[in-house]
Amino acid sequence: MISTSLSPRIAARRPRLAGWLGRGLDTHISLPLFAVLLVIGLWILTLRVIDADRAATFNAAHAATRERAETYEAQMARSLNGIDQTLKVLKYAVELNGAEGAIPALRQQDLLPPGLVFVVSVADRNGHVNASNPDQGGHDVSGTGYFLYHRNNDLGLPFVSATMGDGARAEPHLHFTRRINDRAGRFAGIAIVATDPSYFTSAYERSRDGEHGMLGLAGLDGVMRALRVGEHVSWGQRIELGTSEGGIALHTGPDGIARYTSVQRLHGFPLAIVVGLAQREQFAAFEAKRRTYLLAAASASALLLLVVAVIAGWAWQLARVRRRARRAQETYAAASEGSLDAFFVLRAVRQPGSPGSGARIVDFVVEATNTRAEGITGLPRAEMQGMLLCDMLPHYRDNGIFDDLAAVTEDGQPREGEWQASTRLAAGRWLHRQIVAVENGVVVIVRDITERKQVEARIFHMAHHDELTGLPNRNLMHDRIEHAVSNAARNGNAVALAFVDLDGFKLVNDGLGHKAGDELLKVIGKRMGACLRRSDTLARFGGDEFVILLPDQGHDPDALAPLLEKIRVAVTEPVQVGGQAVQVSCSMGVVMYPRDGMDASALLMNADAAMYRAKDLGSNNFQFYAREMNASVEEKLVLLDGLRQAVQATFEGAADNGFRLLYQPKVDLRSGRVFGVEALIRWQHPEHGMVPPQRFIGLAEESGLIVEIGDWVIREACRQARAWVDAGLPPVTMSVNVSARQFEEARLVERVACALRDSRLAPELLELEVTESLIMRDLARSVARMRELEAMGVSLSIDDFGTGYSSLSSLKTFPISRLKIDKSFVSELADNADDQAIAMAVISLGHKLNLRVIAEGVETEQQRAFLRANECDEMQGYLFSRPVSADDIVDMLEAHAHQMELAAS
């Protein structure tokens, strides 16, 4: 069972093993392996030679140290025996001649050592030196260690002192001493021989001991009596003598140099010699040889590896080319079958009777194909091989494909192309061909690109049509205008162009939401399109702007009036959006080519100017272009430029150009007390004086400048309100209008908080007024932002209530404290029953929701009387005060406070 189960595994491994063995025989693999083995062998041999030399050098260093120790020991033994002999002779002379006569007697007999090297002296039992050679005078040695040693010990042995000075000589030297006894055997004094410590290291030879060798004489107490290292002689160091003699050890001295060191005790003296040879100097020759061996081995290895790398590289390139060719054949076979493209290998068939490559190509024979080719030709793969191309696909001679094949075969330059197939199986599909030259033929790769063409068509449509309505967009309309103008210029006709802008669309879009606005645009687009001919074009330029192109027209503009009126009426019909009927109108500006412009840009610009003229005339009409209309557009551009300068001047604090705030009081209808003011912006123009907001607020909204202007208004209003508080005036609420662009700005809450913080105004003294339509643009988001402001302590009110589309269910969710009745309902309040009913309904609704109600635009006593009678809470308008400066508000508040004091008294 085991052998049966293992046999399939062994059989599966055999091909892989054979493959690896075959690859190992390749030159680019086997040669580097052999070279690596050679290098390894070379380095093993080199390292063994180095190890042998290291061992020999080590043994030689030990032998040299031992030989030097023996030589130095013999030298020191002779020197010390001579000194001891002098001590014995001196002792004997003292016993014969007395302490004072011993040295002269020895001098006469020439038995004293040289005075330049040795000082011989005798001390009596009291430690007083009686005589010396050379004569050094009397001095006392009774307190020295060597005197005390002999006085206390009678061992018959010499004593060697530490290296030190004495009363006769200050410089350090060694004292060799022996005890002298009288005839009765009592202590009678000591014999002394003193010498310089360098005497014992004079045997130092640089040729033998090197620059860092060591010779020294040490006491058995481990203190050096004399030590020479190189040229330096010293003493007093403490060394470890060890327990055994004659051994050699590697020892690192105080100078950090490792030395082979030997210590030998001297017979008859309490001394030992110390010899050391520096390891670095002993191994210097070995290190030089070692570096030579390593350099030679490294050079040989590098040269060998370089040669082998070059040869192996050549072999690898050759093997790579062979493998690439083999894999290319295998890959082509696999890819041609697995690819989504069709492959054709075609060999050129040249004209008979014209040998050579210069003969004209008359056809191609199919040598090889893949399965995908069957879907293009409609023929089986086996049947295609060997067929002539023009027999298989004869129409290729007419659609340019055969010419491309022949051209690539002749010049070798690849070519690509696209065509729509007409063969039975691929009819109608888009195909892409790529032709590459091979020897005496070509390889053709054919890919189905039908899906890509469909995607490109969709992208083209999206790029030239409005996504919402499907109508042509600005780019496509521009091209069609140019095309219509070109045809009109050629045929002598006229072209009409109408620029259409919907009136009241913004109110629907803001009040009912963007989704409702989108539905309205779709309906209006279909209605206008139904009024046009097939040759006309209706385009949407964005927002609520449409453009109508009417080509092939006569030169009489009045002939267009019926069509334009038909379009106007179609637009004004009510539209059901979200279950609610809404109605918009349109303003149209109409131009004619060639009368009003010679190209698309000029026609569109003038049509836009005519449309604005229709707006100025009350909307819901169409106007033909007149040259003076451009003046109003230019005036608008000048006003916009001045508005930008005014914004900059305001922030720079310029006095002659910039914005100013006026304040209109708000009055309690019951008490007559001024409880708040509304901040109203004015533009102090350097040329036109005080510009009312009706002229520039809309332009600021369009240009985006309203965000900067609104931020300045909030900051300035908070600053002024705080200034009134600091002046001791009764606190009043400061109301500020917030525009749509400003309310939707992401940093509104942050900007309000910053204005309150910088001005130190209490949040409850700031009220922000927003419109119904502004809130209804994005109800959830608007309510969330209002709640953030409410959480800060800022109160909110709805301005122009009754003019928007807010529902009662939405109103109850608003975090507001006040409703403001729009002045359009107040202006005719005394006479108009409808306005009275609306005002009463708003007042009642506000009170039911626990809100205060304020009416704006109150100008007559009748209006105030009606509002008071119907329990309206507050009012503002010209009846009480026009918008006034901050100083006037101060006077007004002070006067009111004075009146209240008089009334109270």
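Keep in mind the model is a prediction, meaning the values are calculated, not measured.

Student: I'd like to hear about the packing of helix α19 (residues 706-726) against helix α21 (residues 748-759), residue by residue, with values.
Tutor: Two numbers describe a pair of packed helices, the interaxial angle and the distance between the axes. In contact at an axis separation of 9 Å, α19 and α21 are set at 30° when each is read in the N-to-C sense. Viewed along their axes, α19 and α21 adopt a mutual orientation that is roughly parallel. The way α19 lies across α21 gives a crossing that is right-handed. On the side of α19, the interface is formed by Asp-711, Ile-714, Arg-715, Cys-718, Arg-719 and Arg-722, while α21 contributes Arg-751, Val-752, Cys-754, Ala-755, Leu-756, Asp-758 and Ser-759.

Student: Lay out unusual backbone geometry with the relevant residues and their values.
Tutor: Most peptide bonds take the trans configuration, and most residues that are not glycine carry a negative phi. In the segment running from Asn-133 into Pro-134, the intervening peptide bond is cis, with an omega of -5°. For Pro-134, the location among the structural elements is in the loop between β2 (129-133) and α3 (145-152). Residue Pro-594 is bonded to the preceding Tyr-593 through a cis peptide linkage, with omega at 5°. By secondary structure assignment, the location of Pro-594 is in the loop between β22 (585-593) and α16 (600-616). Non-glycine residue Asp-110 carries a positive phi angle of around 55°.

Student: Residues and numbers for the sheet that holds strand β3 (residues 159-160), please.
Tutor: With antiparallel pairing, the five strands of this open sheet are ordered in space as β2-β1-β5-β4-β3. Lying at the two open borders of the sheet, with one neighbouring strand each, are β2 and β3. Along the sheet face, helix α2 (residues 27-108) touches β1 (118-124), β2, β4 (174-181) and β5 (187-195) and points at about 50° away from the line of β4.

Student: I'd like a rundown of the environment of Arg-186, residues and numbers included.
Tutor: Note on placement: Arg-186 falls in the loop between β4 and β5. Accessibility expressed as a relative area gives 53% for Arg-186, which makes it exposed. Ignoring any residue separated from it by four or fewer positions in sequence, one finds Arg-186 in contact with Arg-179, Ile-180 and Asn-181.

Student: Hey, could you go over helix α10 (residues 401-411) for me, with residue numbers and the actual values?
Tutor: It helps to recall that an α-helix has 3.6 residues per turn; residues three or four apart then point in one direction. Three or more residues of α10 are buried, namely Ile-401, Phe-402, Asp-404, Leu-405, Ala-406, Val-408 and Thr-409. Each element contacted by the buried residues of α10 is listed here: β12 (342-350), β13 (361-369), α9 (389-392), β14 (415-420), β15 (430-438) and β16 (441-448). Phi for Gly-412, located one or two positions after α10, is positive at around 75°.

Student: I'd like to hear about the pairing of β5, residue by residue, with values.
Tutor: Most of β5 is tucked away: eight of the nine residues are buried. When β1 meets β5, the two strands line up antiparallel, connected through seven bridges. Looking across to β5, one finds that Ser-121 is bridged to Ile-192. Two strands pair when backbone bridges link them, and β4 and β5 are joined in this way by eight bridges, in the antiparallel orientation. What sits directly across from Phe-176, in β5, is Val-193. The loop that links β4 with its antiparallel partner β5 comprises five residues; one of these, Gly-185, has a positive phi angle of about 85°.

Student: Could you give an account of the packing of helix α13 (residues 505-512) against helix α14 (residues 514-530), with specific residues and numbers?
Tutor: The geometry of α13 relative to α14 is characterised by a closest axis approach of 6 Å and an angle of 140° between their N-to-C directions. Taken together, the axes of α13 and α14 lie oblique to each other. Only His-514, Ala-516, Gly-517, Leu-520 and Leu-521 of α14 make contact with α13, whose side of the interface consists of Phe-505, Val-508, Asn-509 and Leu-512.

Student: If you had to explain the packing of aromatic side chains to someone new, which residues and values would you point to?
Tutor: Applying the stated criterion across every chain, the model contains 17 aromatic pairs. Here Phe-176 and Phe-200 contribute two aromatic rings whose centre-to-centre distance is 5.6 Å and whose plane-to-plane angle is 45°, an arrangement assigned as tilted. Of this pair, Phe-176 sits in strand β4 while Phe-200 is found in the loop between β5 and α4 (206-209), placing the two residues 24 residues apart along the sequence. For the pair formed by Phe-176 and Phe-200, the shared burial category is buried. With 6.0 Å between their ring centres and 80° between their planes, Phe-499 and Phe-541 make a pair best called edge-to-face. Here Phe-541 lies in strand β18 (residues 537-542) and Phe-499 lies in strand β17 (residues 494-503), a separation of 42 residues in the sequence. With respect to class, Phe-499 is no different from Phe-541; both count as buried. Between the NZ or CZ atom of Arg-397 and the centre of the ring of Phe-402, over which it lies, the distance is 4.4 Å. The ring centre of Trp-430 lies 4.7 Å from the NZ or CZ of Lys-453, which sits over that ring.

Rules and cut-offs
Residues numbered from 1 in each chain as written. Predicted model: local features only at pLDDT ≥ 70, side-chain atom pairs only at ≥ 80, totals over all residues. Heavy atoms only, no water. Axes fitted to C-alpha atoms, helices over the stretch in contact; angles between N-to-C directions. Helix = DSSP H or I, 4+ residues; strand = E, 2+ residues; numbered from the N terminus. Parallel < 35°, antiparallel > 145°, perpendicular 65-115°, else oblique. Left-handed = near helix turned anticlockwise from the far one by under 90°. Contact = heavy atoms within 4.5 Å. Pairing = 2+ DSSP bridges. Buried < 20%, exposed > 50% of the residue type's maximum accessible area, 1.4 Å probe, protein only. Phe/Tyr/Trp six-rings, centres within 6.5 Å; stacked < 30°, edge-to-face > 60°. Lys NZ or Arg CZ within 6 Å of the ring centre and 35° of its normal.

Function-wise, these values are silent; they only describe arrangement.
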